[in-house]
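Coordinates in review
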Amino acid sequence: MRLSTRGRYGLKAMYQLAIHYGEGPIPLKQIADKENLSENYLEQLVSQLRKEGLLTSVRGAQGGYMLAIPPREITVGNVLRVLEGDLAPADCIMEEDYGCENEENCVTKLVWIKIKDSIDEVVDSITLQDMIDESIKL
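Residues numbered from 1 in each chain as written. Predicted model: local features only at pLDDT ≥ 70, side-chain atom pairs only at ≥ 80, totals over all residues. Heavy atoms only, no water.

1. Thoughts on the packing of helix α1 (residues 5-19) against helix α6 (residues 128-137)
It is at 9 Å that the axes of α1 and α6 come closest, and there the two elements cross at 75°. One finds that α1 runs roughly perpendicular with respect to α6. Between α1, through L11, M14, Y15, A18 and I19, and α6, the contact on the second element is made entirely by L128, M131, I132 and S135. When grouped by side-chain class, the residues that make up the contact of α1 with α6 number eight nonpolar, one polar and no charged. (Axes fitted to C-alpha atoms, helices over the stretch in contact; angles between N-to-C directions. Helix = DSSP H or I, 4+ residues; strand = E, 2+ residues; numbered from the N terminus. Parallel < 35°, antiparallel > 145°, perpendicular 65-115°, else oblique. Contact = heavy atoms within 4.5 Å. Nonpolar A, V, L, I, M, F, W, Y, C, P; charged D, E, K, R; others polar.)

2. Comments concerning the packing of aromatic side chains
In this description, an aromatic ring pair is defined by two values, namely the gap between the centres and the angle between the planes. Throughout the structure, instances matching the rule amount to one aromatic pair. Considering the side-chain rings of Y9 and Y41, the 5.8 Å spacing of their centres and the 85° angle between planes classify their relative orientation as edge-to-face. Highlighted residues: Y9 in helix α1 and Y41 in helix α3 (residues 39-51), separated in sequence by 32 residues. A residue is classified by how much of its surface remains accessible, and Y9, at 25% relative accessible area, is partly exposed. (Phe/Tyr/Trp six-rings, centres within 6.5 Å; stacked < 30°, edge-to-face > 60°. Buried < 20%, exposed > 50% of the residue type's maximum accessible area, 1.4 Å probe, protein only.)

3. Here's the deal with the pattern of salt bridges
Summed over all chains, the structure comprises six salt bridges. The salt bridge involving D86 is made with K116; its shortest N-O contact spans 3.1 Å. With D86 in the loop between α4 (76-84) and α5 (109-125) and K116 in helix α5, this pair connects stretches of sequence that are 30 residues apart. The class for K116 is buried, based on a relative accessible area of 14%. Through salt bridges with shared partners, a single network forms among R81, D86, K116, D120 and D124. (Salt bridge = Lys/Arg side-chain N within 4 Å of Asp/Glu carboxyl O.)

4. Let's talk about the pairing of strand β1 (residues 55-58)
By the bridge criterion, four bridges tie β1 to strand β2 (residues 64-67) in an arrangement that is antiparallel. The partner of T56 across the bridge, within β2, is M66. Taking the residues that link successive antiparallel strands as the turn, the β1-β2 hairpin has five residues, and the phi of G60 there is positive, at about 105°. (Pairing = 2+ DSSP bridges.)

5. Points about α1
If you check α1, its first and last C-alpha atoms are 21 Å apart, about what 15 residues at 1.5 Å a residue would give, namely 21 Å. Looking at the buried positions of α1, the neighbouring elements they touch are α2 (28-35), α3, β1, β2, α4 and α6. At the N-terminal end of α1, a side-chain oxygen is found 3.2 Å from the backbone nitrogen of R6, two or three residues along, and the residue is S4. (Expected span 1.5 Å × (residues − 1). Polar contact = N/O pair within 3.5 Å; in protein donor to acceptor, adjacent residues only side chain to side chain.)

6. Things to note about unusual backbone geometry
The phi torsion at N36 lies on the positive side, around 55°, for a residue other than glycine. Position of N36 among the secondary structure elements: in the loop between α2 and α3.

7. Considerations on the nonpolar core
Ranked by size, the top nonpolar core spans 29 residues in total, and within it M14, L17, L42, L49, L55, L67 and V79 carry the most contacts. Of all the elements in the fold, those that place two or more residues in this core are α1, α2, α3, β2, α4 and α6. Counting residues per element, this core draws most heavily on α1, which supplies six residues. If near-sequence neighbours (up to four positions away) are discounted, V79 is found in contact with G10, L11, M14, L49, L54 and I74. (Core = buried A, V, L, I, M, F, W, Y, C linked by side-chain atoms within 4.5 Å.)

8. Section: the state of the cysteines
Linking two cysteines covalently via their sulfur atoms produces the bond known as a disulfide. Applying the stated criterion across every chain, the model contains zero disulfides. The thiol of C92 is not disulfide-bonded; the next cysteine sulfur, from C106, is found 5.7 Å away. On the basis of relative accessible area, C92 is assigned to the buried category, the value being 16%. (Disulfide = S-S within 2.5 Å.)

Here's what the structure looks like:
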């Protein structure tokens, strides 16, 4: 399984917003410049994150984006699922009506389920605050 730029860039943007949590709105240009990302592309990502309640936005000259909830309450999994969808390595474990003709005799489905469970456990155990704390140690 490989994350797309949506998940990778979105997580970088959320990290920047977490660093500045409590300081008010941060302009998207500042985030894009700091992470060397396309501002236009970030606009698409933050729009989706805002719709899902992870971000709030403020319009105007002093506007920008900020986390809707504290960094300790937002997991990497929250961000990735908004931007990437389900984090399963195979379609057969994401969709109940996938309709695989070999499902009853599938020897690999258990492997895909265990991989998904492991991925979920890791991404759901790391918060944006954990990322900040870890970067301080470096």
